Each structure stands twice: as C-alpha cells, then as structure tokens.
Amino acid sequence: MLFQCKVCGPATDHGSAPQRSGKAKPFNKPWRTIDIHCHCMVPEANAMVLKATGIQGGGHTPNANAHVNDLTRSIQPQRGKIDFPKLTDLETRLADMDRDGIDVQVISPYPGHFVYAAPPEVARESCHMVNNHIAEMVAKHPDRLMGMGTVPLQDPGMAVAELDRTVNELGFRGVELCTNVGGVDLTRAGLEKFFARVEELDVMIFLHPFGTSLVGRMEDHYFPNTIGHPLDSALCVGQLVFDGYLERFPKLKICIAHGGGYIPGYWGRFDHAWAHREDCRVTIKKKPSEYLKKLYFDTVVFDERELKHLIEIWGADHIMLGTDYPFDMAEPDPVGFLGRVRASAKRTWRWWPAAMPSGYWACPPRHIRRHIRRHIRRKNRRPDDFFFVDALYIPAPARISPDAGSITGNSRPPRIGAARGMRISSDVRRLNASSGETAIRAHHRRVHPMA
C-alpha cells in the first residue's frame, strides 16, 4: 500500500497527500504513491482490429458484457464520453494524478484491448500498437509513469515474443492478462512456456477480468461487472492453485485486480475441500491457502473493513494500491481511503531497502525519524533506497509467507530495524502481552513485485 504522509491528515485532504504541480520535479522523499491499477486506450488499435476483422474486438467470445439489459446498454455510451479523454489524453491523466495525490501510475491497457478472439496476426499487431503507445507515454514522463504490456495469448509463441519485446526493448516490468482466453482457463490454454518465460524474466503478471465468460442470469443490475469481475478472478485463481501452476512456477509474481475477487475473503472453503476430498488433491501437495500467500491484491474494494480484512489475513506487504482509473468503478479517493483504514493499525515499524517503495501507514515519531536518518548516513545509502511498512499486529497464529520475515512472540518484542538497538515502546509491549497477539519483524528484502 502506497501513500504519502504529512501528519496523518483527514481523508478529505486525500490522506494528507499534497497535490503536485504539473511540472516534473525530482522526488525528495523516501516513498512514492504508486497506482498499480490504471488504464489507457489506443483508439488506433481498436480501429485497426475492426478494419481487419469487421468485428469490434476482433471476434465473438462468451462474455456476459454482451448480454445486459437496455438500461445498462444505454449508459455505456454516456460513460464512454466521460472516460475517453482520461483514457487517451496525457495531460488530463497527469492533472488527475496530481489531484488524487498519485506520484506514479503503472499504466495497463483497458480490457477492450484483450483481442484474444481475433486472428493471431491481427492480435499481435494490436499488441504492438498498444505497447508502443504506452512506451511513448512513459518516455514523456518517466518520473510519473511506468508501463505494463499486453500480449496475444491465443498464440503462445507470439505471446512469448511480445513479452520479450516489452521487457527487453520497451523496459516494461509487468504484463496484463485477462482471466481467461476466450472462455478457456489460463492454465488450460497451452501457456506453460509463457508462464515459464514470465518467471524467468522476473516480471509481474497483473490479472484483470473482462466481464465473465459465464453468460446467463447477469443481465440486470450491472452484474457482469459487480459480480462477473470478482467471479471470473476467483475462477482464475482457483485454476492457478489447483492446476498446480503456483507450485510449478513458484517464483511467479501475480497481482489480481479488484482485491483478488472473492477468493481472498473465502479461502477456507478451498482448504476444507483439500483436506477432505481426494479430487482436490490431484495436483497440489499443500493446502490452497499456502499458495494464495504468494499472490498480491490491489486495494479496489471500496470498503475499509474489507481492506482491513485483506491486510490482516494476507499481510500489508501483499496489498498494492490501485484505483481502476478512470472508470466509474474506480476508487475516487485512493489515498484518503487508505488513510481511513490506517486507524486500525498498531504503530510498529519495520524497514526494507528497496528499488521501488511499497508505502506505509503513518508517519513515525520524530525521534524515530532522527534515528532512521542517522542509520541511512552510516550505511552510505540515499534516503530514496528506503521505505516504511507498518507491521500490523495479527492474531496468533500469525500468517506469514516463508520469505516475509520472522515471527516474534509475546516474550520478545520486535526491534525497530532502522533504529539499531531500539525496542518497541512499553505501552505496545503491554498491549501485545495482554491481547495474545504476535508481531512481525521483517528481514531486509524487496517487497514491491514491480521492483
């Protein structure tokens, strides 16, 4: 989670994130507010696909978005007029980033650029146009923008080639995939070589649904989005777990949009089925939640209690700020939203050196900041090499991934890493002992999967 902090200001002030000027300035703070979930559109690519195939999107696929009632269908053109300038105009985008307190956007194609139903050659050309456009945007404002590409998944060989081009030539650090390929699960679309190459290149996969391939009973109430999106993500995550992809490719870094869909809040049913049914243990050796711990989720959940739940279960270091800019289903105040959640966090601090910051909850006390600055000078490091993540108190037994750090019990409170020799305050120690909770002491490691 990523946001800037002055002195824990109110949510109406966007979490105390000051608005930036439109002029590019070097960062003089050890953190950046990074939006991992935001989109752009390349109209020229859409026009090319339509001209080549005669069909918008390049072909017909099973998608509940095509089966909505008349009211929903009438709203879409109105929304298009509002969203189009934000999807296509760079200056509008930068102004909105300044307004929302966003330092950096990691731009990904809007879902309409998933043209998996088009002929592979047409899809490859569309991906070239979209990825080149994103690279041009990043080149104009490298301090504000980063890029994630798209690939023609209907042809695994072409997908690997385009992935290599986006990473090695365009400098992208991630690739955006839909949660299915024309109604076929990612794990059953012949993409083994693609996933292996993603793991080898050490780039992030951003999974973003486009409605759902489960057509029927969703015509009303915008259900293809409000139910279909998290449902399709849940199916995709379930296949990645139970088909053994997260075991076969253990170093994959995957972030799922919209808080990960339904599974992060209802993983216990997976674990129960795995423990009691042989047909749920065909491929995997560990309980499903052990694989879910490897995943990352964005903050587009809209309710503070739900985000708090994600943090408590999966860890703050596996939650990434997202907005879903610029659509009507976007979080309108991402920094303020996190600010409203941070009140539930206990102020225990840990630190990691990192190439890209992942955020923090609240500003540490002044005497702690002084120790941090001294420590940085002793280590001959620049302040930009550091960021701070709040170490939440998690009810025992604490959830922690194998590489996330060590767990300290009630009898041994964690050290504050940046201030050598300093221990947590006595007030927090008493709270820790009386509540039966455990705290996390983190090791030095990179956290942000885009790093």
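See the structure shown above.
Topic: the overall build of the chain
Turning to step 1, where the next piece is worked out: A tally of regular secondary structure across the chain gives 15 helices and 15 strands.
Turning to step 2, where the next piece is worked out: Residue burial in the chain is summarised as follows: out of 451 residues, 55% are buried.
Turning to step 3, where the next piece is worked out: Within the chain, counting contacts between residues at least 6 apart in sequence, those at least 24 apart form 80% of the total.
Turning to step 4, where the next piece is worked out: Surface summary for the chain: the accessible area is close to 19,900 Å², and the carbon and sulfur share equals 53%.

A word on the environment of Glu199
Turning to step 1, where the next piece is worked out: Following the sequence through the fold, Glu199 ends up in helix α6 (residues 192-201).
Turning to step 2, where the next piece is worked out: Sequence separation between Glu199 and Lys251 is 52 residues; the distance between their C-alpha atoms is 6.0 Å.
Turning to step 3, where the next piece is worked out: Not counting chain neighbours up to four residues away, the residues in contact with Glu199 comprise Phe249, Pro250, Lys251 and Leu252.

Some thoughts on the pattern of salt bridges
Turning to step 1, where the next piece is worked out: Per the counting criterion, the structure on display carries 17 salt bridges.
Turning to step 2, where the next piece is worked out: In this structure, Arg197 and Asp164 form a salt bridge, with 2.7 Å as the shortest nitrogen-oxygen distance. Remark: Asp164 occurs in helix α5 (residues 156-168) and Arg197 occurs in helix α6; sequence separation between them is 33 residues.
Turning to step 3, where the next piece is worked out: The salt bridge involving Glu312 is made with Lys308; its shortest N-O contact spans 4.0 Å. With Glu312 and Lys308 both in helix α12 (residues 304-314), this residue pair falls four residues apart, about one helical turn.
Turning to step 4, where the next piece is worked out: Lys308 sits in the partly exposed class, given a relative accessible area of 33%.
Turning to step 5, where the next piece is worked out: It is possible to trace a salt-bridge network through shared partners that takes in Arg79, Asp83 and Asp328.

A word on the layout of surface pockets
Turning to step 1, where the next piece is worked out: The space that makes up the largest pocket amounts to roughly 1,400 Å³.
Turning to step 2, where the next piece is worked out: In terms of lining, the largest pocket is formed by 48 residues, of which the most central are Asn65, Tyr110, Pro111, Gly112 and Phe210.
Turning to step 3, where the next piece is worked out: No other element matches the eight residues that helix α2 (residues 70-88) contributes to the lining of the largest pocket.
Turning to step 4, where the next piece is worked out: Grouping the amino acids of the lining of the largest pocket by side-chain chemistry returns 20 nonpolar, 23 polar and five charged.

The rules behind the values
Residues numbered from 1 in each chain as written. Predicted model: local features only at pLDDT ≥ 70, side-chain atom pairs only at ≥ 80, totals over all residues. Heavy atoms only, no water. Helix = DSSP H or I, 4+ residues; strand = E, 2+ residues; numbered from the N terminus. Buried < 20%, exposed > 50% of the residue type's maximum accessible area, 1.4 Å probe, protein only. Contact = heavy atoms within 4.5 Å. Areas by Shrake-Rupley, 256 points an atom, 1.4 Å probe, with all protein chains shown as cover. Salt bridge = Lys/Arg side-chain N within 4 Å of Asp/Glu carboxyl O. 1 Å grid on protein atoms, 1.4 Å probe; cavity = no way out; pocket = protein on both sides within 12 Å on 5 of 7 lines; lining within 4 Å. Points joined across faces, edges and corners; volume = space filled by probe spheres on them. Nonpolar A, V, L, I, M, F, W, Y, C, P; charged D, E, K, R; others polar.

What is shown is where atoms sit, not what they do.
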